[in-house]
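Architecture at a glance
The primary structure of each chain is shown beneath.
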Amino acid sequence: MSNEDQSKHSSAETEPRGISRRNFLGATAVTGATALAGAAGLGSAVMTRESWAAAVKESSQKIHVNPGELDEYYGFWSGGHQGEVRVMGVPSMRELMRIPVFNIDSATGWGLTNESKRIMGDSAKYLNGDCHHPHISMTDGRYDGKYLFINDKANSRVARIRLDIMKCDKMVTIPNVQAIHGLRLQKVPRTKYVFCNAEFIIPHPNDGSNIANLDAAEQYTMFNAVDGDTMEVAFQVIVDGNLDNVDADYTGKYAAATCYNAEKATDLGGMMRLERDWVVVFNIPRIEAAIQAKKFKTLPGSNVPVLDGREGSELTRYIPVPKNPHGLNTSSDGKYFIANGKLSPTVSMIEIARLDDLFADKLKEPRDVIAAEPELGLGPLHTTFDGRGNAYTTLFIDSQVVKWNMEEAVRAYKGEKVNYIKQKLDVQYQPGHNHASLTESRDADGKWLVALCKFSKDRFLPTGPLHAENDQLIDISGDEMVLVHDGPTYAEPHDCILAKRDQIRPRKIWDRQDPYFAETRAMAEKDGVNLDTDNKVIRDGNKVRVYMTSVAPTYGITEFKVKQGDEVTVVITNLDLVEDVSHGFCMVNHGVSMEISPQQTSSISFVADKAGVHWYYCNWFCHALHMEMVGRMIVEPA
Ligand code: K7E
Ligand code: CUA
Ligand code: CA
């Protein structure tokens, strides 16, 4: 079937300049793609041009949020290798806020302030990150709005964001592994564990002692669980092959992860050698029991319990699935783990209810848990759900989102003649993740779907060789998916999550007792300083601590003296009680900048290495006299 046939009704509205732009990655994006089988046919009748135009008009009206009105959904977007999390309003697709996490941020001072450096810990030395998977903490399979967790593939970290203040409050580096990629949360009974996959296979120990003969060295990667409350690593499980994406079930018992490198190869050709890789299923109660029974070891440099989950272990089961699978998604009805084929045009539906039997060795073979393996199209990467029995899968190579019915796919697998494919919608172009509203919870409501397209090509005004990506909003509330919005985004939102706006409960101003700056408060107490009232300079050897308040439009201290070479810490408490009156502090020519929002205390340290007069100013617009909110640091020559 040609692209023209497949796109019939959508091409008229979404591709006014023709569809010749669609094909450029067809054969080259994924090596080996040309060998794949063709896509399954379209199930539903194609709408007439008139009814399609009417549907587009109706859906387009729904995304218009009038000035002064609020969006119905919060969206949290990963910022990819830009390192931050972005907060969006959906369906307007307006960007509401950015939350710096694995990057450095000049506006808020993330990565510069003492509070943020304490949170980043040893990894504060890294100035880059690569986040993929943002997920909201859950209680009983529902978003509880407390935290958002996200991975950093670049420096093997996991971070937690407090959704009441929308700031990162914890960060942990996972030991003994390289590249944390797939990350999903335990859904039931609550998010006790943050499950995260380490992708790359490395030798153990990885200290150079075995590189003369790497073939003889023990090499593996590990599945990890971080305790969502303490953000300490709870356990690690050694696996065969490698690990890509992960998800957890609605019983609290199982997590499953895809592996694309069963070959344990170190190059592209080798990683595609086998016809099948696998999904590995982890039995969480058995892992916990093994830890209780002290059946674990520890690796040098950490005291995290490490368990052996390689083939033959009681803790895991390996289910062969076609070649190089990618996304792993639990259906919102709790029935299936769905592994997305990538190099196979299929997805594999693993029936979660049969996993007990699989672990009790009651099945003839692991693949007896496969409920269906529907053929969907070329390059299936990720699947999302509408809560009405339909699944939506991105087809990277076909540049489409395919809507299909899960139970019909199961019936077709059993031999019944039923076309489970409901619709294929062209998206622009090469989608990675897609994500439907509330899809990772029991509350999946089938309203909106975001397709995160890796390429925008000519959808936007050109910006030089580097193009925006394209996060497209699709109305899935009716029988047909309708594309309603093109959203250009900066590199690279792999994934996003949508929650109802009443599921997120942000504070309006800071609590003076907030743990976020508790250590700074403790330091002030030691110095005999009351942050809420005092403006004081404390000298302690060559360390100088400058404590000041701020009330628009003045700093409590407008001039302080230090000696050249002093290590200066400026601590500012914003006494303003008015919502939205944030102040800033920027010391000119010192690389010093930070945000101080109402009732917040922020602190930043630097060396006063230049003698003379140095102005500081407020860099968050707070008042008609904001320009006049300034002060001077006078540095005596050494
Ligand atoms: Cu880009 Cu979820 Cu990291 Cu797929 S992953 S696309
Ligand atoms: Cu304070 Cu601007
Ligand atoms: Ca493979």
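Structural notes, computed from the coordinates.

Cut-off values and rules
Residues numbered from 1 in each chain as written. Chains lettered and ligands numbered in written order. Predicted model: local features only at pLDDT ≥ 70, side-chain atom pairs only at ≥ 80, totals over all residues. Heavy atoms only, no water. Helix = DSSP H or I, 4+ residues; strand = E, 2+ residues; numbered from the N terminus. Rg over C-alpha atoms; globule rule 2.2 N^0.38 Å. Contact = heavy atoms within 4.5 Å. Areas by Shrake-Rupley, 256 points an atom, 1.4 Å probe, with all protein chains shown as cover. Lys, Arg positive; Asp, Glu negative; His and termini not counted. Charge placed at Lys NZ, Arg CZ, Asp CG, Glu CD. Core = buried A, V, L, I, M, F, W, Y, C linked by side-chain atoms within 4.5 Å. Buried < 20%, exposed > 50% of the residue type's maximum accessible area, 1.4 Å probe, protein only. Salt bridge = Lys/Arg side-chain N within 4 Å of Asp/Glu carboxyl O. Donors = N, O, S within 2.8 Å, 3.2 Å for Na, K, Ca; no water. Patch = residues over 30% accessible without salt bridge, like charges linked within 9 Å, V, L, I, M, F, W, Y side chains within 5 Å. Pairing = 2+ DSSP bridges. Phe/Tyr/Trp six-rings, centres within 6.5 Å; stacked < 30°, edge-to-face > 60°. Lys NZ or Arg CZ within 6 Å of the ring centre and 35° of its normal. Polar contact = N/O pair within 3.5 Å; in protein donor to acceptor, adjacent residues only side chain to side chain. Axes fitted to C-alpha atoms, helices over the stretch in contact; angles between N-to-C directions. Arc of directions from axis to C-beta. 1 Å grid on protein atoms, 1.4 Å probe; cavity = no way out; pocket = protein on both sides within 12 Å on 5 of 7 lines; lining within 4 Å. Points joined across faces, edges and corners; volume = space filled by probe spheres on them. Nonpolar A, V, L, I, M, F, W, Y, C, P; charged D, E, K, R; others polar.

1. What about the overall build of the protein chain?
- The secondary structure content of the protein chain amounts to eight helices and 40 strands.
- On C-alpha atoms alone, the protein chain measures out to a radius of gyration of 27 Å, which is about the 26 Å that the 2.2 N^0.38 rule sets for 638 residues.
- By its C-alpha atoms, the protein chain is 85 × 65 × 45 Å across when sized along the principal axes.
- Taking contacts inside the protein chain between residues at least 6 apart in sequence as the whole, the part at least 24 apart equals 61%.
- For the protein chain, the exposed area adds up to about 25,300 Å²; of that, 52% sits on carbon and sulfur atoms.
- In the protein chain, 70 positive and 85 negative side-chain charges are present, and the distance between their average locations comes to 1 Å.

2. Concerning the nonpolar core
- One finds F76, V101 and V158 to be the most contacted residues of the largest nonpolar core, which totals 81 residues.
- Residues within four places of V101 in sequence aside, it is in contact with G83, E84, V85, W110, M120, I150, A159, I161, C168 and M171.
- In terms of nonpolar packing, the next biggest core, distinct from the first, is built from 26 residues, A552, V562, I572 and V592 among them.

3. Focus on the pattern of salt bridges
- Tallied over the entire structure, the rule returns 43 salt bridges.
- Between K253 and D356 there is a salt bridge whose closest N-O contact spans 2.9 Å. Of the two residues, K253 sits in the loop between β13 (246-248) and β14 (254-259) while D356 sits in helix α6 (residues 355-359), which places them 103 residues apart along the sequence.
- When its relative accessible area of 38% is taken as the criterion, D356 is described as partly exposed.

4. What about the coordination of the calcium ion (ligand 3)?
- Around the calcium ion (ligand 3), the donor atoms from the protein are Y260 (O), E263 (OE), E263 (OE), M271 (O), D277 (OD), D277 (OD) and N324 (OD1), and they sit 2.3 to 2.7 Å away.
- For the calcium ion (ligand 3), all donor residues lie on one chain, and their spacing in sequence is Y-x2-E-x7-M-x5-D-x46-N. Of this pair, Y260 sits in the loop between β14 and α4 (268-271) while N324 sits in the loop between β17 (316-322) and β18 (328-330), and the two are 64 residues apart along the sequence.
- Judged by its relative accessible area of 12%, Y260 falls in the buried class.
- Judged by relative accessible area, N324 falls into the buried class, the value being 5%.

5. Brief notes about a nonpolar patch on the surface
- Among the surface-exposed residues, V588, V613, W615 and Y617 lie close enough to one another that they form a single nonpolar patch of about 360 Å² accessible area.
- Within the element layout of this structure, V613 appears in strand β39 (residues 612-617).

6. As for the pairing of strand β22 (residues 380-385)
- With respect to burial, β22 is a largely interior element, six of its six residues being buried.
- Summarising the sheet, β22 and strand β23 (residues 390-395) pair through four bridges and their orientation is antiparallel. Opposite T384, over in β23, you have Y392 as the bridge partner.

7. Focus: the packing of aromatic side chains
- In this structure the tally under the stated criterion is 14 aromatic pairs.
- Summarising the aromatic geometry, the rings of W510 and Y516 are spaced 5.2 Å apart at their centres and angled 50° between planes, so their arrangement reads as tilted. Both residues of the pair, W510 and Y516, belong to the buried class.
- Put simply, the rings of Y193, F195, F223, F235 and F282 touch in pairs and so form one group of aromatic residues.
- A cation over a ring is seen here: K125 above Y126, with NZ or CZ 4.9 Å from the ring centre.
- The ring centre of Y429 lies 4.1 Å from the NZ or CZ of K457, which sits over that ring.

8. Structural notes on the side chain of D576
- Mapped onto the elements of the fold, D576 is located in the loop between β35 (567-574) and β36 (583-587).
- Among buried charged residues, D576 stands out as having no salt bridge; its nearest opposite-charge side chain is R512, 12 Å away.
- A polar atom in the side chain of D576 sits 2.7 Å from the side chain of H583.
- Among all residues touching D576, those that are not within four sequence positions of it are S550, V551, A552, V581, H583, P598 and Q599.

9. A look at the environment of V588
- Counting through the fold element by element, V588 comes out in the loop between β36 and β37 (592-596).
- Judged by relative accessible area, V588 falls into the partly exposed class, the value being 33%.
- C-alpha of V588 to C-alpha of H614: the two residues are 26 residues apart in sequence and 6.5 Å apart in space.
- V588 has contacts with W615 and Y617, leaving out every residue within four places of it along the chain.

10. Focus on the sheet that holds strand β27 (residues 448-453)
- Pairing is antiparallel across the open sheet formed by four strands, whose spatial order is β26-β27-β28-β29. In this open sheet, the two strands that pair with only one neighbour each are β26 (431-436) and β29 (482-489). Taken pair by pair, the neighbouring strands of this sheet meet at an average axis angle of 20°, ignoring direction.

11. So, helix α5 (residues 284-292)
- Residues of α5 that are buried: I284, I287 and A290. One side of α5 holds all its buried residues, which, seen down the axis, span an arc of 120°.
- Next to the buried residues of α5 lie β9 (193-200), β12 (233-239), β14, β15 (276-283) and β16 (306-308).
- For α5, the side-chain oxygen to backbone nitrogen distance between the N-cap and R286 is 3.1 Å, and the N-cap itself is N283.
- Positive phi shows up at K294, right after α5, with a value of about 60°.

12. Some thoughts on empty space enclosed by the protein
- Inspection of the entire model under this criterion finds three cavities of 30 Å³ or more.
- Approximately 60 Å³ is the volume attributed to the largest cavity.
- What lines the largest cavity is a set of 13 residues, and nearest its centre among them are R184, N329, T383, T439 and E440.
- Every element with two or more residues in the lining of the largest cavity is listed here: β18, β22 and β26.
- Within the lining of the largest cavity, the residues separate by chemical class into one nonpolar, eight polar and four charged.
- Taken as a whole, the second largest cavity holds about 40 Å³ of empty space.

13. Structural notes on the sheet that holds strand β19 (residues 336-340)
- With antiparallel pairing, the four strands of this open sheet are ordered in space as β18-β19-β20-β21. Across the chains shown, the open sheet's two edge strands, defined by having one partner strand only, are β18 and β21 (370-372). Direction aside, the axes of adjacent strands within the sheet are offset by 35° on average.
- Where strand β20 (residues 347-351) and β21 come together, two bridges link them in antiparallel fashion. Residue pairing for β21: I350 is matched across the bridge by I370.

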